[in-house]
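Remarks on the overall topology
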Amino acid sequence: MQTGIVFDIQYGALQYRFMKKLITFFFLFFAFLSNAQNNLDKITGLSSTTASVAYSLRQLSSSYSGPLVRIKVGASFYDVYPDASTTKFSLSSKISAAISTYNAAVSVAGANALSTIISGSTDATVAIWYDQSGNGVDVLSNTSTAKIITAGSINTLSGQPTVYFSGNTSKLSSSSTVDYSAFSGATVNAVAQNTATTSGYAGIIGTANAGTYPGYNISYASGVGYQSDGDGCGYRTNVNSTDPKIVTTIFINNTTNLSKIYVNNELKTNVAVTSSTCALSHTSGSKIFIGVSRGLGSTSTFVGNISEAIIFPSQLSDAVRNPLETNQTQTYLSPSVSITSSASGAVCAGTSITFTANAINFTSTPTYQWTKNGVGIPGANSSTYSTTTLSNNDEIKVWVNAGINPSSIVSNGLKLNLDASNPGSYSGSGNTWYDLSGNNNHATLNNSPTYDAASGSIVTNGTSQYLSVPLFNNSITNVTMQAWVYINTPSKGVFIANGYGNGYNVGIGSSNGYDENGSNASMLFSGARWMFNTNSYTAGWHLVTMVLNGSSTPFIYVDNVLKGSSTGYPGTAPNTPTSYLTLGAIPGDNGRYYAGKFAAAYFYDRALTLAEITQNYNAFATKSAGYSSNSITASITGSVPTITVNGDGCTNKTTLTIPSGATTYAWYKDDVVIPSATTNTYTPTASGVYKVTVTNGSCSSTSTTTSIYTCGRTADGRMSILETSTTLVSRDGALNNGKGVDSRGAILTKPWTYGTVTTATGKVWIDRNLGASRVATSSTDALAYGDYYQWGRPADGHQTKYLTNNNSTGFTNTKSTTAIPSTDLWIESIDGSNDWLSTPNNTLWTGANPASNPCPAGFRIPTQAEWEAERVTWSSNNTAGAFASPLKLPRPGMLTGFDNGGAIYTAKNNFGQYLTQTAFDNGGARYFGIEPGNAWFDQNYYKSDGMSVRCIQNY
C-alpha cells in the first residue's frame, strides 16, 4: 500500500508537472499566434516584408485588424479603427465605446463613426498609437497632447491625416521594451514635417534606454536638418526645411561603416556630427520613442507632424525601399520640385554650371521650363540646365508642368511662342510678355491689360488695350499665325494681326467686318479684301489659325477644323505688313479692339499643315499652372572679357582692347597663344581669329573671338581706296590732302570724336546722331539732326550731300557695283529696285563687312532688338519718351523724293527715323521711327532714302 501510495503520489506529481508544462506550451503558442508578425502588404512591393514596429494613420497590413490610434476627447478615450472604404483615419472611422483610462485594454469597434463625437469646437489628442507590425509594441502617453483633431477638423499633411507634436508632453513611448542588439543593422523610416523645431536632437522615431544607449533613431536638428542618431554619433543631411519629407536611414551596426540617409528617395551625403563611425548599442531595457529623442524630454522634442513611422529589422534593399518611399510619396507628398547647382560658393566667370531639378510625386513625366531672373530660357526644357554665361546674382529656378508643354508644339519654323500660363513667358505682372521661341520677339502690353491667373491668360478691354510685337516677318506668303482666344459671342475685333495697319489679320465680327458684333470668323487683307465665314464661332476657348500659302491664299481654321479660304480678287495680295504684329487690335486701322482673353500665340515662317495645326490644338490639353522650385542665385567672380575693336578690323590698323586691372593676359590667334602678348591691348599684324584669356587671382576666363582681316591692298599689292573712321588714304592716294574732310569723309568742322551714354539696358551708345555737332537740346534741335545715310553705305561723303531742298546736284543715277562705292555722291534708284547697289547685299551693316560700318571705332549700327530694348525703358512710347531717355533722340526727319530731275525733299521736325542693321532684297530698310504720338518699327522706306544713324558699342 505504501508503495502504491507512494507511486500514486509520485505519478500525480509527475502528471501535475506535465500538465503545467503543457499549459505553459499552449499559452506560449497562442501568445506567439497573437503576436505573429504582419507583412506590410497594403504597400505594393512589401507583401513579404515585416517590420519591428509600424505606426501609421492608415492600415499597412491586411493581417492587422486592430485600431489605428486611441484618442482622447474631453475626459474620455476612444479606439479609432481604419475607415472601411479608405482604410485611413477619418471622421467616418468606427470608434469604440468610451474608455475611462488611457492605457486600458483594446476596445472593439462599435457602430458609431468618429464624427458622432466631434463637433466644430472639438480637439482630440493621441493617447496610444498602435503598432501594426504584429509585435504589439504600442507607444502611448498619459499626457495626451499630441494633437490629431483641431476644432473639429482632422490635422492633415498633404491632405492626409497626421499627428501634430508640439513639445515634451506630446511624446509617445512604448511601455514594453525591445532588444535589437542581435540586428546587424536596421532601417528606420518616417513621414514627417518639421514646423518649428528648436532642439538640436529632436527625435522623430527611434530606440533608446531612456536617456542613454541610443540605438536606431531619426531626428531633426534645428538649423541643420534631418539626421540619423546613434551611440556617440550622428550623421546629418543639411536638409533644413518645413516641407513634408520622407526620411529613411539605413543603419549598419558596426564601427566602420556610415549610415545611409535618404530624403525623398534621394541619397544624401553624410556629414558626421560627432564621429566618423557609429556603434549602435542596445539593451533589453530599450524602448520605442516617437516625437522625442532617447526620452530626453524638452531638450530633444520634435515640433511638427508625423504621419507614419516604421522600424525594419534589417537593412532594406533598394528593391524594397524604393516601393515603400514611392508609395509614401504618392500618399503624403504634394507634387514638388527642387533644384541643386553643381557650383558650390563663388565660381569664376565662364565656368560651366549645371542645375538639376528633382521633381517628385508627379503622376506623369514632368515638363520643365527654366528661368533666369524670372524670364524663360528658350530651349531650356529638360530636367537639367547647363550654362557658362551667368553673371553675378543671376537667379535661376525651374517650373514644372507650367503652361503648354513646349515639346508638344510644332517647332519647325516657329518664330514666336507666347504662353501666358507659363511663368517664364509671363509672370503675372509687368508690361512684357516674353517669347519662348528664342527669337526675342517679345510682346508689350499696351494700356495695362490685366492678367487672369485662373485661366492663365491676358485680358483686353475692347477699347484701348492690346499687345504688340515689333514686326519680324513682312512676308505675304507662306506664313502661319495662331492665337488661343476665349471667344465671346457675339463680339467684334481682331485676334491677331501681322501689320499695324497694313498686312493681314483674323478676328470676329458681323458680315460687315470687325466693327460690328457677330459670330463670323473673319479675315482681312489690308488694301485688298474682306473674307467672311458666317456663324463659325461658338463661345469658349478656341485656337484660331490663319495660314497664307505660297500664292497668298488665306485659310482660316478654328481649333483643328478648316472653316474656309478665299482667293478673292485673283492675284490680289495684302499690302506688305508694317510696324507691328498685334493681338487684340489693329491700332493703325481704326483700332478694331477685341475684349477677351489671350492664352497663347504662335507665328511660323511657313504654312502649317492640318496635322500640324491639330498638334498645336491638342497641346493645349497639357496647359497647367505649374510648380515652382526654389531659386539659386549665382555667385560669379569676375566677368568674361569683352574685346573692344578699335579700328576697321584690318591688320596693322586695329587695336584689340579689354579692361585693364587683371593679373595676367594671354592673347591667342587661331587658338595658338601669341608669345609676349601679355597686356590688355594687342595690335594684330596678321589676319585670323583672336581671343584673350584673362586671369584674376584663381579665376581665368576667355573672351569670345574676333576676326581680323587683311584689307587695304589690291591683288597686285597697291593701296585700295578705304573710307572708314581710321583710314587716312583719300581717293587720289594722298594723305591729309586738304579737301576739308576727315578720314570718314565727313566735313572737318563736324565732330568725329563723340561722347557716350550708358542707358537703362546697360548698353553704351554714342551721345548724338552720327554727324551731329552736339547732343540734342530739344526734339527739334537742328544742330543735333546729324547726317543722312543710305542704308549700308560707309561714311563716304554721301551723307553730307544734301544742301537745300530741290538741290539738283550731289547725286547720280548710276548704281554702284561694289559695296564701297567709287563715288561720294548720293546714288538714286530710278529702276524701282529702291537700292543704290546693283546687286542687293543685306549684310553690309550686320558686321560681316566692317569696311561698310560708318560708326566710330568700337561702335556699330544697332539691331532692331537693341532699339526695342531701349524703347521699353522709356517713360512714354513717343517723342517725349525718346528725348527724355539718355539717348536724347531728336526728330531729324529723312531724305526722300528724288526724281529724274534730281530734286531732294527734306522732311524734318515732324518725325525721326533711325536705321537698324536689317534690310531686304526688295530694297526695304528696317528703321525705328519716333513721332509725337508713337514709336514704331517699319520698312516702308528704302535703302536709297536717307535716314539718321545712332551707333551702339560693340558687344
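Residues numbered from 1 in each chain as written. Predicted model: local features only at pLDDT ≥ 70, side-chain atom pairs only at ≥ 80, totals over all residues. Heavy atoms only, no water.

Attention now moves to the overall build of the protein chain. Looking only at helices and strands, the protein chain features 5 helices and 67 strands. Split into buried and exposed, the 955 residues of the protein chain put 52% on the buried side. Put simply, of all contacts in the protein chain between residues at least 6 apart along the chain, 62% involve residues at least 24 apart. Total accessible area on the protein chain is roughly 38400 Å²; 51% of this is exposed by carbon and sulfur atoms. (Helix = DSSP H or I, 4+ residues; strand = E, 2+ residues; numbered from the N terminus. Buried < 20%, exposed > 50% of the residue type's maximum accessible area, 1.4 Å probe, protein only. Contact = heavy atoms within 4.5 Å. Areas by Shrake-Rupley, 256 points an atom, 1.4 Å probe, with all protein chains shown as cover.)

Using the criterion set out here, one finds 2 disulfides in the structure. Covalent S-S linkage joins cysteine 348 and cysteine 699, the inter-sulfur distance amounting to 1.9 Å. On the S-S bond that ties cysteine 348 to cysteine 699, the torsion sits near -80 degrees, and the link is left-handed. Of this pair, cysteine 348 sits in strand β24 (residues 347–348) while cysteine 699 sits in strand β55 (residues 699–702); the two residues are 351 residues apart in sequence, bridging distant segments of the chain. Shown here is the disulfide that connects cysteine 855 with cysteine 951, its sulfur atoms set 2.1 Å apart. (Disulfide = S-S within 2.5 Å.)

The antiparallel open sheet is built from 8 strands, whose spatial order is β31-β32-β35-β44-β37-β38-β39-β40. Across the chains shown, the open sheet's two edge strands, defined by having one partner strand only, are β31 (432–433) and β40 (529–533). With 5 bridges connecting them, strand β39 (residues 520–525) and β40 associate as antiparallel partners. Within β40, the residue paired with alanine 521 across the bridge is asparagine 533. (Pairing = 2+ DSSP bridges.)

A few words now on the pattern of salt bridges. Taken as a whole, this structure holds 18 salt bridges when the rule is applied. Measuring nitrogen to oxygen at the nearest pair gives 2.8 Å for the salt bridge that ties aspartate 589 to arginine 592. For the pair aspartate 589 and arginine 592, one class covers both residues: buried. Residues joined by salt bridges that share partners form a network here, namely Asp318, Arg321 and Glu325. (Salt bridge = Lys/Arg side-chain N within 4 Å of Asp/Glu carboxyl O.)

So, on to unusual backbone geometry. Backbone torsion omega between threonine 489 and proline 490 reads -10 degrees, so that peptide bond is classified as cis. Topologically, proline 490 is positioned in the loop between β36 (479–487) and β37 (493–498). The phi dihedral of alanine 151 falls on the positive side, at around 50 degrees, and the residue is not glycine. Along the polypeptide, alanine 151 turns up in the loop between β6 (147–150) and β7 (153–154). Using a relative accessible area of 39% as the deciding quantity, one classes alanine 151 as partly exposed. Its identity as a non-glycine residue notwithstanding, serine 552 has a phi of 65 degrees, on the positive side. If you trace the backbone, serine 552 turns up in the loop between β41 (540–548) and β42 (554–558).

To continue, consider the packing of aromatic side chains. Taken as a whole and assessed by the stated rule, the structure comprises 29 aromatic pairs. Aromatic side chains tyrosine 504 and phenylalanine 525 sit 6.5 Å apart centroid to centroid with 50 degrees between the ring planes, which places their arrangement in the tilted category. With tyrosine 504 in strand β38 (residues 504–509) and phenylalanine 525 in strand β39, the pair connects residues that are 21 residues apart, well separated along the chain. Overall, the relative accessible area of 0% leaves phenylalanine 525 in the buried class. Counting every residue linked through ring pairs, the aromatic cluster contains Trp765, Trp867, Trp874, Tyr914, Phe928 and Phe937. Over the aromatic face of phenylalanine 883 sits the side chain of lysine 888, whose NZ or CZ is 4.7 Å from the ring centroid. (Phe/Tyr/Trp six-rings, centres within 6.5 Å; stacked < 30°, edge-to-face > 60°. Lys NZ or Arg CZ within 6 Å of the ring centre and 35° of its normal.)

A word on the sheet that holds strand β66 (residues 934–938). Read across the open sheet, the 3 strands follow the order β64-β65-β66; overall the sheet is antiparallel. The open sheet has two edge strands, β64 (912–919) and β66, and neither has a second partner. This sheet shows a mean twist of 15 degrees between the axes of neighbouring strands, independent of strand direction. In the sheet, strand β65 (residues 925–931) pairs with β66 via 5 bridges, with the strands oriented antiparallel. Across the sheet, residue glutamate 931 finds its bridge partner in β66, namely asparagine 934. (Axes fitted to C-alpha atoms, helices over the stretch in contact; angles between N-to-C directions.)

It is worth spelling out the environment of alanine 357 at this point. Looking at the element boundaries, alanine 357 is found in strand β25 (residues 353–360). The exposure class assigned to alanine 357 is buried, which follows from its relative accessible area of 11%. A sequence separation of 16 residues divides alanine 357 from serine 341, and the C-alpha atoms of the two residues are 9.2 Å apart. Apart from residues lying up to four places away in sequence, alanine 357 is in contact with Val337, Ser338, Ile339, Tyr368, Trp370, Ser383 and Val398.

Residues Ile71, Phe89, Trp129, Ile148, Ile204 and Ile290 are the most contacted members of the largest nonpolar core, which totals 49 residues. Contacts of isoleucine 204, omitting those with residues within four sequence positions, involve Ala190, Ala192, Ile218, Ser219, Tyr220, Tyr226, Phe289, Ile290, Gly291, Phe302 and Ile306. Trp433, Ala443, Val506 and Phe598 belong to the second-largest nonpolar core, a separate cluster that totals 36 residues. (Core = buried A, V, L, I, M, F, W, Y, C linked by side-chain atoms within 4.5 Å.)

Purely geometric numbers; function is a separate question.
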